[in-house]
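# Structural overview
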Amino acid sequence: MAFGGVIPFYSKRSGSWTFRRVFRSREKVLIFLVCLTFMFICIGPIFYLPDLRGGLSTKVDHVYKVYKQMQKAGPELILPPPPPESGEVGAVRKHEGVHHNLVNGEDVHLSDDKQRLMDKVNNDEELRNMRVIEKPVVITVSSTAANKPHEPQGQVDESIRIVADKEQNEIELDKKVGLGGQDKSDEPVVQGGEDADPVARQRREKVREMVLHAWRGYKTYAWGKNELRPVSKRGHTAGIFGREDMGATIVDALDTLYIMGCMEEYNEGHAWVQYNLDFNQLRSEMSVFETNIRFVGGLLSVYALTGDMLFRDRALHIARKLLPAFDTPTGIPYALINVANGIAKNYAWASGGSSILSEFGTLHLEFVYLSDISGDPIFREKVMRIRDVIRKTDRPGGLYPNYMNPKTGKWGQRHTSVGALGDSFYEYLLKAYIQSGGKDEVAKEMYEEAIGVITNRLVLKSHTGLTYLAESKFDRLEHKMDHLACFAGGMYALGAKSINNQVSTTHLEIAEGLANTCHESYARTPTGLGPESFRFTEGIEARALKSSEKYYILRPEVIESWFYMWRYTKDPKYREWAWNAVLALEKYCRTEAGYSGIQNVYMENPQKDDVQQSFVFAETFKYLYLIFSDDSLMSLDEWVFNTEAHPLPIAGKNSFYRKVQAMYGAAAGESLPWWRILLFSSILMLCVIKAHFELEE
């Protein structure tokens, strides 16, 4: 923009420059408008930019929260606290004959003073008409949990805070009435849900006891560590979590503890997340996939269950740390990322440094939900780009290979599996459709196409009629089924009930067959627990052959399928199979401090591997608990479970979805940046000034 003529100069030159003492009227107007613009730029953000309240400094939030808590406390601030009990520090010592002795446990003078003060408050017109909000609930935590004095500063690097006070007020209101003004009875059932069968109730209580036993061991010997070694009684950090303590077990267990009503243990975990979970302090590489399904998924699940903004903010904080992994030519993310410097890479062993299908294909549920509850579209955009790349890439024989090069977008080795390396990709196609409330037709189409090819090419029957899922390697079938692939029984059942079409009956039959085969892999071992993989040959069925396939690490996939089959068929055998698994876990996996995997399921006295996996809380125990609960608890009509069994609400069917509304312009819920507002205002003001002087001239 040319500015010649905008600012007029009228001073005359007579040998040297001189300035007049009196300004002309147009010059006065110009100076006034310039000053007004300057004031608007400097002061305007205070009134027009809502992001400033929470985005510039978390300390501002802390002051505001303290003020709100003081306001809630009401008249209790001016009333004296009750006297300490005998034996406490500061307690009044009782002596006979002393005037200020306690009478019937009360100090007479303090009682009189309190009564007079209350009378004064009641007689004061202004105080009587003042509305006082009830005292907030204070969460009591153990000294082990709250082992840091203050919340880490700079923890949640939010740039978008769309509904600050409004959202908090709605959450407080939701505790009294349902969301949208509905009665509490219309809300999803997330606790309780006892079955009418007394045997089921007794067995469910046993599962709850197992959870508490495992939690106490972790709390005692590995608090804050990623996992527990229940035999040697110390912490354990697996490579997928990097080399640092991230409290993976705490985050993975929180929603399970809440659903089971273990509120003391839940509050301990809540306090640890509030004061200790800080990815700004991490300096090592971690798995993008595992971090998403365990940490982001776990935190989002607890947010959905409770409405506590702490968990949404922590999930947002962690998910943003993962975003540099998506900076590839195709948008297909790398497998590993160092959150300290944003450097990402793939595993060297993965088909020449390719990304893995089950990892980059298992981000959709968490990222879409995170965009919906935060208003930040970046997460949805990332997973939608992944989907577009996958759809546009030709598939050999209609099957999805397990590897894709993130730089070229081409498939790697021609290896297709519904077990390791491929499993949860197919699961998330179906569940993305369910999560959307049946609106994501692209996900539905992709699932139907993929499951159709899998059914035709990989679903086989053994000589004795056992249904199993084979693997395809370079167009040749390998008759091996992973324990991980046993989730497919539940997937087939969920798909048959969610997508009602001409193959639904067939898919439900396949689901029953897969659930039975996976049960056989358990029943054919002395321990009653299944191996990591099992094979089908002319002489052997549903048994592991290699020593590297005979271990059991507390995996949940078999029990997961039984959970879906129980919910959809009500065949009592699924509850019996689940109870047999409970007994086997108690006999072979329980230790003094928790539960451990075993190294060989075919030995009567197997050696323990000394690791209590975090997913035993998130998945194994949760599915067992829900099998023995009423169907109303975590109803499949209202919730969809991510691949770590963290429940997420279904849009349009669950009032706990809590999708935020877009505000302040921009696209898909993105608030307009403050610098754009200032720039636009400044340019507009200069244009007005220029037009004013052009009209006068």
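Scroll up a little and you will see the structure.
Here we summarise the structure given alongside this text. Here the structure is a predicted model, which means the values were calculated and not measured.

### Description of the nonpolar core
Counting residues in hydrophobic clusters, the biggest one holds 161 residues, and the most contacted among them are Met481 and Trp562. A per-element tally of this core places helix α10 (residues 288–306) first, with 11 residues. With residues up to four places along the chain from it excluded, the contact list for Met481 reads Tyr468, Leu469, Cys486, Leu514, Cys518, Ser533, Phe534 and Phe536. If you look at the next biggest cluster of nonpolar residues, it comprises 7 residues, including Ala335, Ile356, Tyr403 and Leu421.

### Some remarks on the side chain of His507
With respect to the helices, strands and loops of the structure, His507 is situated in helix α18 (residues 504–523). Filtering out sequence-adjacent residues up to four positions away, His507 remains in contact with Ile451, Thr455, Tyr492 and Ala496.

### Describing the packing of helix α8 (residues 248–259) against helix α9 (residues 263–276)
Following both chains from N to C, one finds α8 and α9 inclined at 145 degrees, their axes separated by 9 Å at the closest point. Where α8 crosses over α9, the two elements pack in a sense that is left-handed. Residues Ile250, Val251, Leu254, Leu257 and Tyr258 of α8 form the contact with α9, whose own contacting residues are Met263, Glu265, Tyr266, Gly269, His270, Trp272 and Val273. Considered class by class, the residues forming the contact of α8 with α9 number 9 nonpolar, 2 polar and 1 charged.

### Some words on the pattern of salt bridges
Enumeration according to the criterion identifies 30 salt bridges in this entry. Here Asp482 ties to Lys480 by a salt bridge, and the two come within 2.8 Å at their closest N and O atoms. For Glu520, the salt bridge is made with Arg524, and the minimal N-O distance between the two is 2.9 Å. Exposure remark for Glu520: the relative accessible area of 19% places this residue in the buried category. Exposure remark for Arg524: the relative accessible area of 31% places this residue in the partly exposed category. Put simply, Lys206, Glu209, Glu586 and Arg590 are held in one network by salt bridges that share partners.

### Side note on the state of the cysteines
One covalent bond between the sulfur atoms of two cysteine residues makes up a disulfide. Taken as a whole, this structure holds 1 disulfide when the rule is applied. The disulfide partner of Cys486 is Cys518, and the gap between their sulfur atoms is 2.0 Å. A torsion of -100 degrees about the S-S bond marks the disulfide between Cys486 and Cys518 as left-handed. Of this pair, Cys486 sits in the loop between β17 (480–482) and α17 (488–498) while Cys518 sits in helix α18, and the two are 32 residues apart along the sequence.

### Considering the sheet that holds strand β7 (residues 285–287)
One open sheet accounts for 3 strands, arranged β7-β8-β9; its pairing is antiparallel. Pairing within the sheet leaves two strands with one partner each, and these edge strands are β7 and β9 (343–345). If you compare each strand with its neighbour and ignore which way they point, the axes differ by 25 degrees on average. The pairing of strand β8 (residues 336–338) with β9 spans 3 bridges and is antiparallel. Bridging from a neighbouring strand, Leu336 pairs with Lys345 of β9. Lying on the sheet, α10 is in contact with β7 and β8; it crosses β7 at an angle near 65 degrees.

### Regarding the pairing of strand β18 (residues 533–536)
Regular strands place side chains that alternate from one sheet face to the opposite one. Of the two faces of β18, the one holding Ser533 and Arg535 and the one holding Phe534 and Phe536 are both buried throughout. Note: β17 against β18, 3 bridges, orientation antiparallel. Looking at the pairing, Asp482 lines up with Ser533 of β18. The antiparallel pairing of β18 with strand β19 (residues 541–543) creates a hairpin that spans 4 residues between the two strands.

### Remarks on the layout of surface pockets
Space inside the second largest pocket adds up to approximately 770 Å³. Looking at the second largest pocket, it is lined by 34 residues, and the ones nearest its centre are Phe289, Glu290, Asp423, Leu484 and Arg555. When contributions to the lining of the second largest pocket are tallied by element, the ones reaching two or more residues are α10, α12 (357–360), α15 (423–435), α19 (557–569) and α21 (615–627). Its residues assigned to classes, the lining of the second largest pocket shows 16 nonpolar, 6 polar and 12 charged.

### A few points about unusual backbone geometry
The phi torsion at Ala542 lies on the positive side, around 60 degrees, for a residue other than glycine. Within the secondary structure, Ala542 is located in strand β19. With phi around 65 degrees, Ala645 is a residue other than glycine that occupies positive phi space. When you line up the elements, Ala645 lands in the loop between β20 (639–641) and β21 (647–649).

### Quick look at the sheet that holds strand β16 (residues 476–478)
Spatially, β12-β15-β16 is the arrangement adopted by the 3 strands of the open sheet, whose pairing is antiparallel. Sheet topology places β12 (415–416) and β16 at the edges, where each strand pairs with a single neighbour. Sheet topology note: the β12/strand β15 (residues 471–473) ladder contains 2 bridges and is antiparallel. Paired with His415 across the bridge in β15 is Lys473.

Rules behind the numbers
Every chain's residues receive numbers from 1 upward, in the order its sequence appears when written. At least 70 in pLDDT is required for a residue's local features to be given in this predicted model, at least 80 for side-chain atom pairs to be given and counted, and no such filter applies to totals for whole chains, interfaces and linings, which use all residues. Calculation of side-chain values draws on the structure's entire complement of heavy atoms; hydrogens and water are dropped beforehand. For the purposes of this section, nonpolar cores are sets of buried Ala, Val, Leu, Ile, Met, Phe, Trp, Tyr and Cys residues that join through side-chain atoms within 4.5 Å. To sort residues, take the accessible area from a 1.4 Å probe on protein chains only and compare it with the maximum for the residue type: under 20% means buried, over 50% means exposed, and anything in between is partly exposed. Strands are runs of DSSP state E lasting at least two residues, helices are runs of H or I lasting at least four, and both sets are numbered from the N terminus onward. Contact between two residues is taken to exist if any of their heavy atoms lie within 4.5 Å; hydrogens are not considered. For helices, the fitted line uses only the C-alpha atoms of the stretch in contact; every axis is such a line through C-alpha atoms, and the angle between N-to-C directions lies from 0 to 180 degrees. Crossing handedness is read from the near helix: turned anticlockwise from the far helix by less than a right angle, it gives a left-handed crossing, and turned clockwise, a right-handed one. Three residue categories are used. Nonpolar comprises Ala, Val, Leu, Ile, Met, Phe, Trp, Tyr, Cys and Pro, charged comprises Asp, Glu, Lys and Arg, and polar comprises the others, including Gly. Any Lys or Arg side-chain nitrogen located within 4 Å of an Asp or Glu carboxyl oxygen qualifies as a salt bridge. The disulfide criterion is simple: two cysteine sulfur atoms within 2.5 Å. Strand pairing is assigned whenever DSSP identifies at least 2 bridges connecting the two strands. Site definitions follow a grid-based scheme: protein atoms alone, a 1 Å grid, a 1.4 Å probe that fits but cannot get out for cavities, and for pockets an open set with protein on both sides within 12 Å along at least five of seven lines, plus lining residues having an atom within 4 Å of a point. Grid points are joined across faces, edges and corners, and a volume is the space filled by probe spheres set on the points.

In short, geometric facts, not functional conclusions.
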